[in-house]
Amino acid sequence: LLMSVLKREAPNMTTTERLSGVWALMRHDMQDHISRDDRVTELETLEQMLYYCKVIMFIETLEQMLYYYKVAIGAYGGAVVKMVQAMQGDNHTPSNIKRALKVVANKTMSLTQGEIEDADLLEMSTIFGWIGVDVDNVIDRTQKTLPFLPMYYVFKDPVRKTLCISIRGTFGLADIVTDAYAEHIQVVFPPVDPDLYPEYYNIKDKESERQREREAEAQREIDRERAPKQATLSPKTTGQSPKGQELSTFSSGVAPKGIKRKGSRLAQIFSSDSAKNKAKDADRDRDADKKRDKFNLRDIGCVPIDSSYFAHKGMLCSASMLYYAVFPLLQREFPRLRREGYSIVTCGHSLGAGVAALLALLLRQTPEFVSARCWGYGCPAIVSPPLSQVMAQYCTTCVFQYDMVPRLSIRSAVNVANRIQHLSNLKKDK
């Protein structure tokens, strides 16, 4: 009863503050009415109160968990929200899945028939109608994914007094590239801006330059293959092969009898190209690592937060890009909202959960945003153990049963491979 009264009369108080107030009132009341001879009874009553307080906190945590789950799923778009709504129920039967796909098909048909004039407004209404927040509270939103910058949206929730940043998970090729950059890298603050210093994250070395070089090499080999054919079919040729066969037969890919035709030069190149590419990639990686080692962070004002803090390189790169994308907006909007009792919450699913957790870590390094918290769903393993212990104080992650993503990392993959090899050896020994 006291908790409900405090929640109604003092909505800006947190759950912990309300519980502390109720606890103090109960102790004061019992000390006034319970004699010294009944200390055992007082202790039992306090233990019961503590139990009920824990139950209340657990129920409120579940409410927040459900709410931010909707916020995280909303980042995938209105079509996915419709599918999730259609598939909710006791049984995930094929009929439910068919009904979910039908909802998306009907949405597309309605757009093509011109029944909806503003598709973006429909999208926003679908998402925030499910969340339970008015569309007018949306502050910022992106509509396409860029390399190392997943889609996100920012809105304020007047009821919960939070400024939410929801980040989309893996939903396209650019997101898969971010996931694939699974090497670890040290966490620094301010974060290194990938747009200004891509060599720190080794982005250009592994993507643009390497791809251009491979395309140029393939083009050169194609030119080399074409050159001998043009010389053979010059006007000086008689049109007859040494064995009396037409040159057209030989050039068409059918070798005359008595002539052993070697494979196409281009085929030979691609058959042996994998080993060459691996060697080139290894050399380029070593050069990039040397370049990053020579890269002086202090020259650009970046300092490691702690020598033992490391994170997933691709997701830290995404969190850094997102940090510089939303930082001007937060500087403009949050001072006023903070005076009204607002706090910052980041959330996401899968890739979005990892980026949201690292974004909360970076935001908390600034005194103005030290209240930032994170809710993650299916968050992958992205930080070193010392850093995970620190982030556990303000990050709440939810894992669904035997979900593979939160348990997947380079080390876990190596451990599985070693165990398989060990079992294979045991089988051979028998």
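The numbering scheme is per chain: residues are counted from 1 as the chain's sequence reads. pLDDT decides what is reported in this predicted model: residues at 70 or higher carry local features, side-chain atom pairs at 80 or more are listed and counted, and totals for whole chains, interfaces and linings draw on all residues regardless. Water and hydrogen atoms play no part in the side-chain values, which are based on all heavy atoms of the structure.

Trainee: Looking at this structure, I do not really get the overall build of the protein. What am I missing?
Mentor: Going along the chain from the N terminus, every DSSP run of H or I of four or more residues is numbered as a helix, and every run of E of two or more is numbered as a strand. Scanning the protein from terminus to terminus reveals 17 helices and 10 strands. Looking at the 430 residues of the protein, the share that counts as buried comes to 34%. Note on contacts: a residue pair qualifies if any of its non-hydrogen atoms lie within 4.5 Å across the two residues. Restricting the contact set of the protein to residue pairs at least 6 apart, pairs at least 24 apart contribute 67%. Note that accessible areas follow from Shrake-Rupley with a 1.4 Å probe, and for residues the cover is restricted to the protein chains shown. Carbon together with sulfur atoms contributes 56% to the accessible area of the protein, which is approximately 26200 Å² in total. Think of it in three bands: with a 1.4 Å probe and only protein chains considered, a residue is buried below 20% of the maximum accessible area for its type, exposed above 50%, and partly exposed in between.

Trainee: What exactly am I supposed to notice about the pairing of strand β9 (residues 373-377) here?
Mentor: The element β9 is largely enclosed, with a buried count of four among its five residues. In the sheet, strand β8 (residues 343-349) pairs with β9 via five bridges, with the strands oriented parallel. Its bridge partner being in β9, H349 is matched across the sheet by Y377. Look down the strands so they point away from you; if the path from the first strand over the helix to the second goes clockwise, the crossover is right-handed. This β-α-β element, β8 to helix α15 (residues 351-363) to β9, shows right-handed connectivity. Across four bridges, the pairing between β9 and strand β10 (residues 395-398) is parallel. If DSSP finds at least two bridges between two strands, the strands pair.

Trainee: What exactly am I supposed to notice about helix α14 (residues 313-339) here?
Mentor: Think of an α-helix as turning once every 3.6 residues; residues three or four places apart then point the same way. Bend, in this description, refers to the angle at a residue between axes fitted to the seven residues ending there and the seven starting there. At L330, α14 shows its strongest bend, of approximately 45°. Looking one or two residues beyond α14, the residue adopting positive phi is G341, at roughly 95°.

Trainee: Would you take a moment to explain the side chain of T126 for this structure?
Mentor: Positionally, T126 belongs in helix α6 (residues 119-131). If we skip the residues at most four places from it in the chain, T126 touches G78, V81 and K82.

Trainee: Looking at this structure, I do not really get the environment of G341. What am I missing?
Mentor: The residue G341 is located in the loop between α14 and β8 in this model. The exposure class of G341 is partly exposed, given its relative accessible area of 38%. Through-space distance from the C-alpha of G341 to that of K161 is 6.4 Å; in sequence the pair is 180 residues apart.

Trainee: Where do I start with the packing of aromatic side chains in this structure?
Mentor: Aromatic ring pairs: the centre-centre distance and the angle between the two ring planes describe each pair. Under the pairing criterion, centres of Phe, Tyr and Trp rings, with the six-membered ring standing for Trp, must be within 6.5 Å; the plane angle then separates stacked pairs below 30 degrees from edge-to-face pairs above 60, leaving the rest tilted. Inspection of the entire model under this criterion finds 15 aromatic pairs. Considering the side-chain rings of F128 and Y153, the 5.4 Å spacing of their centres and the 80° angle between planes classify their relative orientation as edge-to-face. Of this pair, F128 sits in helix α6 while Y153 sits in strand β2 (residues 152-157), and the two are 25 residues apart along the sequence. Per residue, the accessibility class of F128 equals that of Y153, and both read buried. Arranged with centres 5.1 Å apart and planes meeting at 85°, the rings of Y200 and Y201 form a pair that is edge-to-face. Taking the relative accessible area as the measure of exposure, Y201 reaches 2% and is therefore buried. Aromatic rings pair up to connect F189, Y323, Y324, F327, F334 and F369 into one cluster.

Trainee: Sorry, what's going on with the confidence of the model for the protein here?
Mentor: Should pLDDT be low for a region, the predicted coordinates there are not to be read in detail. Residue-level confidence of the predictor is summarised by pLDDT, bounded by 0 at the bottom and 100 at the top. Looking at the protein as a whole, the pLDDT averages 75, with 62% of positions reaching at least 70. Confidence drops under a pLDDT of 50 for residues 205-210, and excluding neighbours within four residues, the segment shows 15 contacts in the predicted structure.

Trainee: What should I look at first to understand the environment of D179 in this one?
Mentor: With respect to the helices and strands, the residue D179 is situated in helix α7 (residues 173-180). Measuring from C-alpha to C-alpha, the distance between D179 and L351 comes to 7.2 Å, with 172 residues separating the pair along the chain. Residue contacts for D179: discarding those within four places in its chain leaves T170, H312, M315 and L351. Whenever a nitrogen or oxygen atom comes within 3.5 Å of another N or O atom, the pair is scored as a polar contact, on the condition that within protein one atom can donate a hydrogen and the other can accept it, and that pairs from neighbouring residues in sequence are kept only if both atoms are in side chains. At 2.6 Å, the side chain of D179 and the side chain of T170 are in polar contact.

Trainee: Got a minute to help me understand the UniProt feature "transmembrane region" (unreviewed entry) in the protein in this structure?
Mentor: UniProt positions are given in the numbering used here, feature names are shortened, and annotations may be inferred rather than shown by experiment. According to UniProt, the "transmembrane region" (unreviewed entry) feature falls on residues 342-363. Spanning residues 342-363, this segment combines 59% helix with 32% strand, and its end C-alpha atoms are found 15 Å apart.

Trainee: Looking at this structure, I do not really get the packing of α14 against α15. What am I missing?
Mentor: Working note: a packed helix pair is described by the angle between its axes plus the distance between those axes. Only C-alpha atoms enter the line fits that serve as axes; for helices the fit covers just the stretch in contact. Angles between N-to-C directions range over 0 to 180 degrees. In the contact formed by α14 and α15, the axes pass within 9 Å of each other and the chain directions differ by 55°. Overall, the two elements α14 and α15 adopt an arrangement that is oblique. Considering only the axes of α14 and α15, their crossing is right-handed. Taking contact as the criterion, the partners of M315, L316, S318, A319, S320, L322, Y323 and L330 in α14 are, on α15, L351, G354, V355, L358, L359, L362 and L363. A per-class count over the contact of α14 with α15 returns 12 nonpolar, three polar and no charged. In what follows, roughly perpendicular refers to angles from 65 to 115 degrees, roughly parallel to angles under 35, roughly antiparallel to angles over 145, and oblique to any angle outside these ranges. By convention, the crossing between two helices is left-handed when the near helix turns anticlockwise from the far helix through less than a right angle, and right-handed when the turn is clockwise. Put simply, Ala, Val, Leu, Ile, Met, Phe, Trp, Tyr, Cys and Pro go in the nonpolar bin, Asp, Glu, Lys and Arg in the charged bin, and everything else, Gly too, in the polar bin.

Trainee: It is not clear to me how unusual backbone geometry should be interpreted in this structure. Could you clarify?
Mentor: Outside of glycine, negative phi angles account for most residues, and trans bonds account for most peptide bonds. Note that the residue after F189, namely P190, is joined by a cis bond; omega there is -5°. The phi torsion at Q401 lies on the positive side, around 45°, for a residue other than glycine. Residue position: Q401 is located in the loop between β10 and α17 (410-429).

Trainee: Even after reading the chapter, I still don't get the side chain of T366, so can you show me in this structure?
Mentor: Along the chain, the position of T366 falls in the loop between α15 and β9. Classification of T366 by relative accessible area gives buried; the value is 10%.

Trainee: Looking at this model, I keep getting lost on the sheet that holds β9. Mind explaining?
Mentor: In sheet architecture, strand pairing relies on hydrogen bonds along the backbone and comes in two forms, parallel and antiparallel. As summarised here, the arrangement of the six strands in space is β1-β2-β3-β8-β9-β10, forming an open sheet in which the pairing is mixed. Every other strand in the sheet has two partners, leaving β1 (138-141) and β10 as the edge strands with one partner each. When the angles between neighbouring strand axes are averaged without regard to direction, this sheet yields 15°. Both β1 and β2 contribute to a ladder of three bridges, which runs antiparallel. Following the sheet pairing, R141 is matched in β2 by Y153. With respect to the sheet, α15 is in contact with β3 (162-167), β8, β9 and β10, its orientation differing from that of β8 by roughly 155°.

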